[in-house]
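Fold and contact review
Take a look at the letters that make up each chain.
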Amino acid sequence: MMRTRPLKVALLGCGVVGSEVARIMTTHADDLAARIGAPVELAGVAVRRPSKVRAGIDPALITTDATALVKRGDIDVVVEVIGGIEPARTLITTAFEHGASVVSANKALLAEDGATLYEAAAKHGKDLYFEAAVAGAIPLIRPLRESLAGDTVNRVLGIVNGTTNFILDRMDSAGAGYSEALDEATALGYAEADPTADVEGFDAAAKAAILAGIAFHTRVRLDDVHREGITEVTSADLASAKGMGCTVKLLAICERAADGRSVTARVHPAMIPLSHPLASVRGAYNAVFVEAEAAGELMFYGPGAGGAPTASAVLGDLVAVCRNKLNEATGPGESAYTQLPVSPMGDVVTRYHISLDVADKPGVLAQVATVFAEHGVSIDTVRQKGKDGEASLVVVTHRAPDAALSGTVEALRKLDTVRGVASIMRVEGE
Ligand code: NDP
Ligand code: HSE
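Residues numbered from 1 in each chain as written. Chains lettered and ligands numbered in written order. Predicted model: local features only at pLDDT ≥ 70, side-chain atom pairs only at ≥ 80, totals over all residues. Heavy atoms only, no water.

Bringing the site of ligand 2 into the picture now. Around ligand 2 sit 13 residues in total, of which Lys107, Gly162, Thr163, Tyr190 and Glu192 are the nearest. One of the side-chain nitrogen or oxygen atoms of Asp198 is found 2.7 Å away from a nitrogen atom of ligand 2. Lys207 is positioned with one of its side-chain polar atoms (N or O) 2.7 Å from an oxygen atom of ligand 2. Protein coverage of the free-state accessible area of ligand 2, which is 260 Å², stands at 94%. Residue composition of the shell around ligand 2, grouped by class: 4 nonpolar, 4 polar and 5 charged. (Near = heavy atom within 4 Å. Polar contact = N/O pair within 3.5 Å; in protein donor to acceptor, adjacent residues only side chain to side chain. Areas by Shrake-Rupley, 256 points an atom, 1.4 Å probe, with all protein chains shown as cover. Nonpolar A, V, L, I, M, F, W, Y, C, P; charged D, E, K, R; others polar.)

Considering all chains together, one arrives at 1 cavity of 30 Å³ or more under this definition. As for the largest cavity, its lining consists of Tyr129, Phe130, Glu131, Ile141, Arg142, Arg145, Glu146, Asp317 and Pro332. Counted by class, the lining of the largest cavity contains 4 nonpolar, no polar and 5 charged residues. (1 Å grid on protein atoms, 1.4 Å probe; cavity = no way out; pocket = protein on both sides within 12 Å on 5 of 7 lines; lining within 4 Å. Points joined across faces, edges and corners; volume = space filled by probe spheres on them.)

Attention now moves to the confidence of the model for the chain. The predicted model of the chain has a mean per-residue pLDDT of 97, with 100% of residues at 70 or higher. Across the chain, strand β4 (residues 77-80) holds the top mean pLDDT of 99, while strand β14 (residues 379-387) sits lowest at 90. (pLDDT = per-residue confidence, 0-100. Helix = DSSP H or I, 4+ residues; strand = E, 2+ residues; numbered from the N terminus.)

This brings us to the site of ligand 1. Around ligand 1, the surrounding shell holds 23 residues, and the nearest of these are Cys14, Val17, Arg49, Glu192 and Gly306. At 3.1 Å from a nitrogen atom of ligand 1 is found a main-chain nitrogen or oxygen belonging to Gly189. For ligand 1, whose accessible area on its own is 890 Å², the fraction buried by protein is 87%. Among the residues making up the shell around ligand 1, the classes are represented as 11 nonpolar, 7 polar and 5 charged.

Moving on, we get to the nonpolar core. In summary, soluble globular proteins display a tendency toward joint burial of nonpolar side chains. Among the nonpolar cores identified, the biggest contains 76 residues, and Val78, Leu128, Phe130, Leu140, Leu144, Val153 and Val290 are the most heavily contacted of them. The greatest single-element share of this core, amounting to 11 residues, is contributed by helix α10 (residues 202-216). Residues lining this core come from more than one domain, with at least three contributed by each of domain 1 (7-136 + 308-326) and domain 2 (150-302). The next biggest cluster of nonpolar side chains, apart from the first, holds 34 residues, and it includes Val21, Ile24, Leu315 and Val319. (Core = buried A, V, L, I, M, F, W, Y, C linked by side-chain atoms within 4.5 Å. Buried < 20%, exposed > 50% of the residue type's maximum accessible area, 1.4 Å probe, protein only. Domains from an automatic or database assignment.)

Structure below.
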């Protein structure tokens, strides 16, 4: 039976994502109504610049007073696609207080202060859904929150930022410059309002915090995630990776410790073998592997950024939240019962590719090898290329704790024969 009284939706933000949400709500209104069991009506659209022309949106719906919109009292669902911490946080908590459920794409806020949002939703018996916050169109939050709720997830590893994957891909496959590739990603609507969030790894770290929290049933905040961006990845790194049969990707890796008593979450560029499925993730696509005890290894793949793909995830949440509303139910809330501590990066064990500029004379290789041995870091391969009394030395290690590698690099820098450490990159996916 179709309910005739519409469910009212307040849209906060009408930019890259919001404009696509509004478009699909309008063009697919009948299908959405049939799937939900009631029509959904766009009741208001909050923006910053009211005079901007917004195709397909009734100008009478536009307001700059987002607070008044969420306080109206007749709004069933607030869709927050403004981004950032404030006013988004206050608008979301106010929405709960005034009887609305919330759909958000705001990974920065969820990673910074998800607890406040979850608590406000629970206090007022409302839904907080955020599929679009991680990996764009890819259904990932719901599988982790619901489909895998009976399993034990031990690892989540993947590419979760479309902008940086787009940039690295353009640099690697088309020889594009970094700035040129970033400009292209921004023009295509992939980058955050401040693209520093993408290239310095903040966006991927926020997503890693959200994924780790849900996967391991614990609270993980942005500050808990070790973060390195792609601004220091050079074309020499990409060439060196190619020489090893690898490519460079910005990875987010969340792991449960072998004893199950702690977790780690990190974001950094890494070399991965060309044979690894993540190596063939191109452009702004994302891909995430989830390893669970009973399920084994699962892979999620698809468009990770952009207006329409992200709106798809928002609309999926909107349908779910509206259905819950009609059934006078709510979906899953926060599950953080394990309260596992997040271990520091120094505890992470992985392999490393280190590029050194050294003096090309007898004994240097032995000296370098001794430093590695003294820090308990075992060398897998060494390659040396000499030029005019200087040499470039590329060392690839076996697995070692990150703290041991940091100690090794610090000691190497002190050797007279080491002119410089050209690059250090982790090697993953083998
Ligand atoms: P945009 O910058 O394109 O859009 C932001 C919108 O919010 C604009 O319409 C802007 O108004 C409005 N806005 C800003 N401040 C206020 C305010 N104080 N009150 C009312 N409205 C305001 O961002 P995106 O659409 O790209 O991103 C939105 C959210 O979705 C962010 O959280 C982002 O991280 C997330 N996201 C984005 C993806 C993407 O590919 N772009 C993918 C996944 C998630 P005006 O139009 O007047 O400037
Ligand atoms: N700026 C983000 C990215 C948008 O490039 O992945 C999707 O979350």
